[in-house]
Amino acid sequence: MAGITPLPAMDDDQLLRYSRHILLPEIGIDGQEKLLGAHALLIGAGGLGAPASLYLAASGVGRITLCDHDAVDLTNLQRQIVHFTESIGRKKVDSARTTLARINPEISIEAIAERVAGLRLEQLVQSADVVVDATDNFATRHAVNRACVKFAKPLVSGAGVRFDGQIAVFDLRRRDSPCYHCLFPENGDVEEMRCAVMGVFAPLVGIIGSMQAAEALKLLMGIGRDLTGRLLLLDALTMEWRSVRLKKDPQCAVCGGGDSEQRQAPESCEVPGNG
Ligand SMILES: [Zn+2]
């Protein structure tokens, strides 16, 4: 991908560490080197961010920036598998960085214990090759989306609450890609649901967060076909998936021409949090 810095050739340990990737013809040495030279911005170190960060780090994404202002508490441990019982009270980003560094000490992990917004968020997005949204609130989701549109960055968006999960990719390097706001207009008629109130099935966020990592890795390597233009919805009680086609809204206030009439979200669409 343009903007990814070429790295020196992998040493013997790296060739072993990543050998099961390198064996895949779709990845090979080239793909693995792209990952090692890439920068992923992961916003949220909770239910979705935990598995996403574990796979991004283990897979050898060379630079990972984690943002989360929260601290680990006992209720997180049922599903936020990057944190341990002894991490209770620590900032989630510090706890996650410790775990990720134990899994892969070769990569660089930046921990930002802030609710990032404004210029700070824009600078982080601008410096990233892919952005993974693993947050739990609309305000941040929309701010992240706006920054990704502004700097034409691919955005991997996920959500999960109760037994309901969803994932979508907005590859905003492409002019025809919809953005998050095309799907869920700000102040639109969608219901924000939080795990703290509604509950969440532990492996649900594991499934969605792992898929976010998979999509981010594919985008970084430029392989396969990503989820751009599709929203996948999972009902983990029946383990049934639905795929909804997404279209760019030409009137979208964020990515479209400008003056937008607000579009309604798809019927009965509820937006889960991040677990
Ligand atoms: Zn849009």
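Residues numbered from 1 in each chain as written. Predicted model: local features only at pLDDT ≥ 70, side-chain atom pairs only at ≥ 80, totals over all residues. Heavy atoms only, no water.

1. Let's talk about the sheet that holds strand 8 (residues 230-235)
Worth spelling out the cut-off: DSSP-based pairing: two strands are paired if at least 2 bridges between them are found. A run of DSSP states H or I qualifies as a helix once it reaches four residues; a run of E qualifies as a strand once it reaches two. Both are numbered from the N-terminal end. The axes used here are C-alpha line fits, helices contributing only the stretch in contact, and every angle between their N-to-C directions lies in the interval 0 to 180 degrees.
Strand order in this open sheet of eight strands is 3-2-1-4-5-6-8-9, and the pairing throughout is mixed. The open sheet has two edge strands with one neighbour each: strand 3 (108-112) and strand 9 (240-245). Taken over all neighbouring pairs, the strand axes of this sheet differ in orientation by 15° on average, direction set aside. In the sheet, strand 4 (residues 130-133) pairs with strand 5 (residues 154-161) via three bridges, with the strands oriented parallel. Bridge pairing in strand 5 links Val131 to Leu155.

2. What about the confidence of the model for the chain?
Where we set the bar: A residue's pLDDT is the confidence the predictor assigns to it, expressed on a 0 to 100 scale. The contact criterion used throughout is that any non-hydrogen atoms of two residues lie within 4.5 Å.
Chain-level statistics for the chain give a pLDDT mean of 91 and a share of 88% at 70 or above. pLDDT under 50 marks residues 258-271. Its contacts with residues more than four places away, or in other chains, come to 36 contacts.

3. Comments concerning the coordination of the zinc ion
Filter applied, for reference: Distances up to 2.8 Å from the metal define which N, O and S atoms are donors, and 3.2 Å serves for Na, K and Ca; water is absent from the atom set, so sites may look incomplete. Think of it this way: with four donors and all angles in the 85 to 135 degree range, the site is tetrahedral; with four or six donors, opposite ones beyond 155 degrees and the rest between 65 and 115, it is square planar or octahedral; otherwise it is irregular. Burial classification: accessible surface area is computed with a 1.4 Å probe over protein chains only, and a residue below 20% of its type maximum counts as buried, one above 50% as exposed, and the rest as partly exposed.
Binding of the zinc ion to the protein goes through Cys179 (SG), Cys182 (SG), Cys252 (SG) and Cys255 (SG), at separations of 2.3 Å. Angles of 95 to 122° at the metal separate the four donor atoms of the zinc ion, which places the site in the tetrahedral class. Here the donor residues of the zinc ion share one chain and are spaced in sequence as C-x2-C-x69-C-x2-C. For the pair Cys179 and Cys182, a shared accessibility class is recorded, and that class is buried.

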